Amino acid sequence: MSVSYKSIQWNRQKIIYDLLLVATIALYLYLFVWSTQWFGGADVERGLRAIWIRAYGSAAFILLHVILSIGPLTRLSPKFYPLLFNRRHMGVVMFLLGVQHARGTLAWYHDFGNLDPIVSLLTGNLNFGFIPFPFELLGIGGLLILGLMAITSHDFWLHNLTAPVWKALHMCVYLAYSLLVGHVFLGALQTNKHPFLTIAVGIGLVWIVGVHFWAARKEAGCDRQTFLINTEGFADIGSISEIPENRAKVVTLAGERIAVFKYDGKISAISNVCQHQNGPLGEGKILDGCITCPWHGYQYRPEDGASPPPFTEKVPTFAVRLQGDRIFLSATPNLPGTPVEPAVIA
Amino acid sequence: MTTNNPQPQDEFYVNYLPMPRSWSAFLLKFLPLLIAGVLIFAYILPTVHDQYNKGGFSKRTDYLGYLVANPVPHLIVPRPGNTEAGADYSYYLLAAGNKAGPPKKVMEQAGNWVTLTGLPIARNNLTLLAAFKAETAEAPEGFDLDLKGKSLGEFTVEGEIVDPKCYNGVMKPGRTKTHRGCAIRCISGGIPPTLVSHNAQGDTIYFVLSDLEDQAVNDRVLNIVGDPLRITGEVVQFGDTFVLKADPETYEVI
């Protein structure tokens, strides 16, 4: 977290993450071109320009699958969290690979002709039947969305667009993925009929849909159980002993997920949704007296849901009462940052 | 409903803290597998792409030939030596160095014998010359110029329209859907549209396309380039080259 905007706040783990990412992509591109020449020999296109187009495009498409898998995988196991915190760099790199793919395509297939390359790209194929459909348009659509996401990936935009707008914009990655699957299906798979390619794209699609469904099913379980809310607006959500020290139990009351933390002989409750990128605060931990989000380390005081100065993020708080070992939680949220007296464990 | 503490060992990580040992142990197994999987794709994907063929181009050469404008720009080049076993001339399609038909200055010489400087781009028995210049030349002695060809009758053939410059080897594969945009550009620019067909034995046969009035069909086939087609028409043989004469309105997408 930071109170001022810096282009990138480097730390050791971010550097390792990025080095690993860049090295893998460089190795992928090199191996792709090498493999093409190794197997093709003299039968490969001179200049290798189309080979690079395929290398960039396939690298971007594979990376998109990795990026889309990280979110649901963290819902299934927290051990994937270290892949998530720098995911936006992965997204920007994927966009740049897509740009290289598009630049190569524009120059190689649409330049040196009787039309401006961009006009040629947009108007060359006007057959909008299913299989003849101009797959290039689907690729352009996907790339524009990924570009918008890459441009707004910095926290500056998250803050200025507000978290809900930013999140909605970045959920468009699924629209981009759909467009790009169409781009590959109506493009590369129509030229390259080898079953390996079709099967690989199919498995990728089934995996992305399946892992999201799997994670959603697990999340839905959290929301299914209902609690009886008494006349004072409080619900018995369980016993103190269920919550480990400095950790939380997440419950859903009146449609809102609430993280109930136990720490220093006290119980406090705040919204489960981090103000940064809507991370699950209830899977966080209290460090240095603050609830710490597992996604990017944003922190909030359990007593008032506010980030410690000079930070300014705030989340709603909830009143908590104890009766013996039982925790009673108010279903009514207080305004973000409202101080609430913690329930003290006797 | 509740979610109990998701980390029974109370392991926790954010990027400014040390990673729990069991998490780093997990990632040390998972990441190499993920990276290896990605790199396996880099190795295998090129082998299953349609991007290898024997087509290609060599170096600029001067050709003595008779320059013809219709139905498509081409050069009739006498073959030297004993040609009793085959045709005594080659039928070379013509284009420019870019995605266009041969330069205007070259085609102004149509109907003449010329020395044409061009880059040969060949695949199987189909050759296209990227023409750069042409100068009037003396007709070779003893060569019987054949401008009418030999009609082989009416045939129905199935195949795909390509631009023979890319298909022949400038691009690989230079055909089908991914190349469609480029082929449209080439054919609209004046490169002779050619039908690539395969017979029952798997042999590849090429048909230069013409309409019934011996005119080029370029502008009338742009919307079906790269599509599987069925064309019925008269096949006329020029040397080793076949010209398929049919009204483009009768081309069927199959």
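Conventions used here
- Residues numbered from 1 in each chain as written.
- Chains lettered and ligands numbered in written order.
- Predicted model: local features only at pLDDT ≥ 70, side-chain atom pairs only at ≥ 80, totals over all residues.
- Heavy atoms only, no water.
- 1 Å grid on protein atoms, 1.4 Å probe; cavity = no way out; pocket = protein on both sides within 12 Å on 5 of 7 lines; lining within 4 Å.
- Points joined across faces, edges and corners; volume = space filled by probe spheres on them.
- Helix = DSSP H or I, 4+ residues; strand = E, 2+ residues; numbered from the N terminus.
- Nonpolar A, V, L, I, M, F, W, Y, C, P; charged D, E, K, R; others polar.
- Expected span 1.5 Å × (residues − 1).
- Bend = angle between axes of the 7 residues up to and from the residue.
- Buried < 20%, exposed > 50% of the residue type's maximum accessible area, 1.4 Å probe, protein only.
- Pairing = 2+ DSSP bridges.
- Axes fitted to C-alpha atoms, helices over the stretch in contact; angles between N-to-C directions.
- Contact = heavy atoms within 4.5 Å.
- Buried area = accessible area lost by both parts, 1.4 Å probe.
- Salt bridge = Lys/Arg side-chain N within 4 Å of Asp/Glu carboxyl O.
- Polar contact = N/O pair within 3.5 Å; in protein donor to acceptor, adjacent residues only side chain to side chain.
- Domains from an automatic or database assignment.
- Parallel < 35°, antiparallel > 145°, perpendicular 65-115°, else oblique.
- Left-handed = near helix turned anticlockwise from the far one by under 90°.

**Considering empty space enclosed by the protein**
All names here are of chain A. Applying the stated criterion across every chain, the model contains two cavities of 30 Å³ or more. A total of three residues in the lining of the largest cavity trace back to one element, the largest contributor, which is helix α5 (residues 117-123). When grouped by side-chain class, the residues that make up the lining of the largest cavity number four nonpolar, five polar and one charged. Here the second largest cavity is characterised by a volume of approximately 30 Å³. Along its surface, the second largest cavity is lined by I267, S268, A269, P302, E303, T317, F318, V320, V340, E341 and P342. Looking at which element gives the most residues to the lining of the second largest cavity, the answer is strand β4 (residues 266-271), with three residues. Of the residues contributing to the lining of the second largest cavity, the split by class is seven nonpolar, two polar and two charged.

**Here we look at helix α2 (residues 49-76) of chain A**
Residues and elements named next belong to chain A. An ideal rise of 1.5 Å per residue puts 40 Å on 28 residues; α2 measures up with 41 Å between its terminal C-alpha atoms. When the local axis directions of α2 are compared, the greatest deviation, roughly 35 degrees, occurs at I70, which is followed within four positions by the proline P72. Most of α2 sits out of view: 25 of its 28 residues are buried.

**What to know about the sheet that holds strand β1 (residues 234-239) of chain A**
Residues and elements named next belong to chain A. On the basis of which strands lie adjacent, the open sheet formed by three strands has the order β1-β10-β9 and antiparallel pairing. Two strands in the sheet have a free side with no partner beyond their single neighbour: β1 and β9 (320-323). Direction aside, neighbouring strands of the sheet carry axes that sit 30 degrees apart on average. With four bridges joining them, β9 and strand β10 (residues 326-330) adopt antiparallel strand pairing. Opposite Q323, over in β10, you have R326 as the bridge partner.

**Notes on the interface of chain A and chain B**
With 85 residues of chain A at the interface, the matching set in chain B holds 63 residues. Between chain A and chain B, the buried area comes to about 6,500 Å², and carbon and sulfur atoms account for 62% of it. The interface formed by chain A and chain B includes one salt bridge. Across the pair A:D43 and B:K54 runs a salt bridge, and its minimum N-O distance is 3.3 Å. Along the contact surface separating chain A from chain B lie 26 residue pairs in polar contact (both at pLDDT 80 or more). For the side of chain A that touches chain B, the element with the most residues is helix α1 (residues 12-40) of chain A, which contributes twelve residues.

**Some details on the side chain of A:S307**
Examined against the element boundaries, A:S307 turns out to sit in the loop between β7 (299-300) and β8 (317-318). Within polar-contact distance, the side chain of A:S307 engages the backbone oxygen of A:Q299 at 2.8 Å.

**Details of the pattern of salt bridges**
By the definition in use, this model includes 16 salt bridges over all chains. Here A:R301 makes a salt bridge to A:D304, at a shortest N to O gap of 2.7 Å. The salt bridge partner of B:R220 is B:D211, with a shortest N-O separation of 2.9 Å. Through salt bridges that share partners, A:R75, A:E219, A:R257 and A:E283 make up one connected network.

**Some remarks on the pairing of β10(A)**
Residue and element names in this part refer to chain A. Among the five residues in β10, four count as buried, and that is most of the element. Two elements, β1 and β10, share five bridges in a ladder whose sense is antiparallel. Bridge pairing in β10 links G238 to I327.

**Considering the domain arrangement of chain A**
Residue and element names in this part refer to chain A. Domain boundaries in chain A define domain 1 (12-222) and domain 2 (234-344). Here the C-alpha centroids of domain 1 and domain 2 sit 38 Å apart. Contacts between the two partners involve twelve residues from domain 1 and, on the opposite side, 13 residues from domain 2. Together, Y81, K167 and C222 form the three largest contributors to the area buried by domain 1 at its contact with domain 2, with a combined 36%. In this assembly, domain 1 and domain 2 are joined by two salt bridges. Inspection of the region where domain 1 meets domain 2 yields five residue pairs in polar contact (both at pLDDT 80 or more).

**A short note on the packing of α2(A) against helix α11 (residues 195-224) of chain A**
Residues and elements named next belong to chain A. Closest axis-to-axis distance for the α2/α11 pair is 8 Å, and the angle between their directions is 20 degrees. Between α2 and α11, the interaxial angle falls into the category roughly parallel. Here α2 runs over α11; the crossing is left-handed. Residues F61, H65, L68, S69, P72, L73, R75 and L76 of α2 touch α11, and the partners they reach there are V201, G204, L205, W207, I208, V211, H212, W214, A215, K218 and E219. Here the residues of the contact of α2 with α11 sort into twelve nonpolar, four polar and three charged.

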